[in-house]
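The chain contents come next:
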Amino acid sequence: MSANRKGVVRPVSTSPWVIDTRELGRRPGASRSVHRTAAASYVLGLEDVIGVPVGAEVELDVLLESVVEGVLVSGTASGPLAGECSRCLDPITDEVSVRVTELFAYPASATDETTDEDEVSRLVDDLLDLEPVVRDAVVLAVPHVPLCSQDCPGLCPGCGGKWADLGPDHRHETIDPRWAALQERFQQDPGR
Ligand SMILES: [Zn+2]
Ligand SMILES: [Zn+2]
């Protein structure tokens, strides 16, 4: 068959993210709803920024519909978020709920033959893997610059302390550059 089959990885059928679509029997119009929880096996979101952490449970509530080209999955995925404020680095926790709509094309279908692998998901041995689909949806849903609060004052550039803890009077002694130059001259020429 076409060369683009080479990179296809067979989903691990024991993963809670992987759904067996065989019972839909490739009859367009047949459908089945799936409710289950699945633990994230990698960060679902922006790694080192914000996402559903590894091991956190995601609730899946999806409908599988058999269509001519494959299986259409639509529904929601909800789970906890963990990240870091990009100004003060405080931990952030939140919840995320995303809508997913994804066509998993049958091998050798017109969609399979006319699209690249990264454009449209594929069924492999009648199995589909929802985890990458949910990850992509979470990436689009989370803030790329997460903040603990919209007016987070961040960190003092002088000492790295949190402005929220340092208070408004916090400052570092800085010598006026004109005085610094003068001081230097006296130190170089102490005899005069
Ligand atoms: Zn913050
Ligand atoms: Zn400081």
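Structure's up top.
Quick caveat: nothing in here was measured; it's all calculated off a predicted structure. Numbering of residues starts from 1 in every chain and runs along the sequence as written. To label them, take the chains in the order written and letter them from A, then take the ligands in the order written and number them from 1. Whole-chain, interface and lining totals are the exception, using all residues; otherwise, since this is a predicted model, local features are given only for residues with pLDDT of at least 70 and side-chain atom pairs are given and counted only at 80 or more. Hydrogens and water molecules were not included; the side-chain quantities draw on all heavy atoms of the structure.

## Details of the packing of aromatic side chains
Piece 1. Each Phe, Tyr or Trp ring (for Trp, its six-membered ring) is paired with any other whose centre lies within 6.5 Å, and the angle between the two planes then decides the class: stacked below 30 degrees, edge-to-face above 60, tilted in between. Scanning the entire structure with this criterion turns up 0 aromatic pairs.
Piece 2. The criterion is that NZ of a Lys, or CZ of an Arg, lies within 6 Å of the ring centre and within 35 degrees of the ring normal, and then a charge sits over that ring. The residue whose ring lies beneath R26 is Y106, and the NZ or CZ to ring-centre distance is 4.1 Å.

## A short note on the pattern of salt bridges
Side-chain pairs of opposite charge can arise whenever the charged atoms involved come near each other.
Piece 1. When a carboxyl oxygen of Asp or Glu is within 4 Å of a side-chain nitrogen of Lys or Arg, the pair counts as a salt bridge. Summed over the entire model, instances satisfying the criterion amount to 7 salt bridges.
Piece 2. Between D90 and K162 there is a salt bridge; the shortest N-O distance is 3.0 Å. Of this pair, D90 sits in the loop between β6 (70–84) and β7 (91–105) while K162 sits in the loop between α2 (131–141) and α3 (163–166), and the two are 72 residues apart along the sequence.
Piece 3. To sort residues, take the accessible area from a 1.4 Å probe on protein chains only and compare it with the maximum for the residue type: under 20% means buried, over 50% means exposed, and anything in between is partly exposed. On the basis of relative accessible area, D90 is assigned to the partly exposed category, the value being 27%.
Piece 4. For K162, a relative accessible area of 24% corresponds to the partly exposed category. We count a stretch as a helix when DSSP gives it H or I for four or more residues in a row; a strand needs E for two or more, and each element gets its number in order from the N terminus.

## Digging into the coordination of the zinc ion (ligand 1)
Geometry sets the ideal angles at a metal, namely 109.5 degrees for four tetrahedral donors and 90 or 180 degrees for six octahedral donors.
Piece 1. Every protein donor of the zinc ion (ligand 1) is listed here as C85 (SG), C88 (SG), C148 (SG) and C152 (SG), and their distances to the metal cover 2.2 to 2.3 Å.
Piece 2. Coordination at the zinc ion (ligand 1) is tetrahedral, judged from the 4 donor atoms that bind it and the angles of 106 to 114° they form at the metal.
Piece 3. Only nitrogen, oxygen and sulfur atoms count as donors, using a 2.8 Å cut-off from the metal that widens to 3.2 Å for Na, K and Ca. Water is left out, so coordination shells may look unfilled. On the primary sequence, the residues serving as donors to the zinc ion (ligand 1) are separated as C-x2-C-x59-C-x3-C.
Piece 4. The class of C148 is partly exposed, set by a relative accessible area of 39%.
Piece 5. Classification of C152 by relative accessible area gives buried; the value is 6%. Any site counts as irregular unless it has four donors with all angles between 85 and 135 degrees, making it tetrahedral, or four or six donors with opposite ones more than 155 degrees apart and the rest between 65 and 115, making it square planar or octahedral.

## Focus: the side chain of S121
Piece 1. For S121, the position within the fold is in strand β8 (residues 121–122).
Piece 2. Overall, the relative accessible area of 17% leaves S121 in the buried class.
Piece 3. Counting of polar contacts relies on pairs of N or O atoms within 3.5 Å, with two restrictions inside protein: one atom must be capable of donating a hydrogen and the other of accepting it, and residues adjacent in sequence are counted only when both atoms are side-chain atoms. Of the polar contacts made by the side chain of S121, one reaches the side chain of E102; its length is 2.5 Å.

## Focus: the coordination of the zinc ion (ligand 2)
Piece 1. Only C156 (SG), C159 (SG), H170 (NE2) and H172 (NE2) from the protein coordinate the zinc ion (ligand 2), and they sit 2.0 to 2.3 Å from it.
Piece 2. In this structure, the zinc ion (ligand 2) is coordinated by 4 donor atoms arranged in tetrahedral fashion, with angles at the metal of 100 to 114°.
Piece 3. Mapped onto the sequence, the donors of the zinc ion (ligand 2) take the spacing C-x2-C-x10-H-x1-H. Taken as a pair, C159 in the loop between α2 and α3 and H172 in the loop between α3 and α4 (177–188) lie far apart in primary sequence, 13 residues in all.
Piece 4. For C159, a relative accessible area of 43% translates into the label partly exposed.

## What to know about unusual backbone geometry
Piece 1. Of note, the phi angle at D48 is positive, near 65°, even though the residue is not glycine.
Piece 2. Structurally, D48 can be placed in the loop between β3 (44–46) and β4 (50–52).
Piece 3. According to the relative accessible area criterion, D48 is exposed, its value standing at 74%.
Piece 4. One non-glycine residue, D125, adopts positive backbone phi at about 50°.

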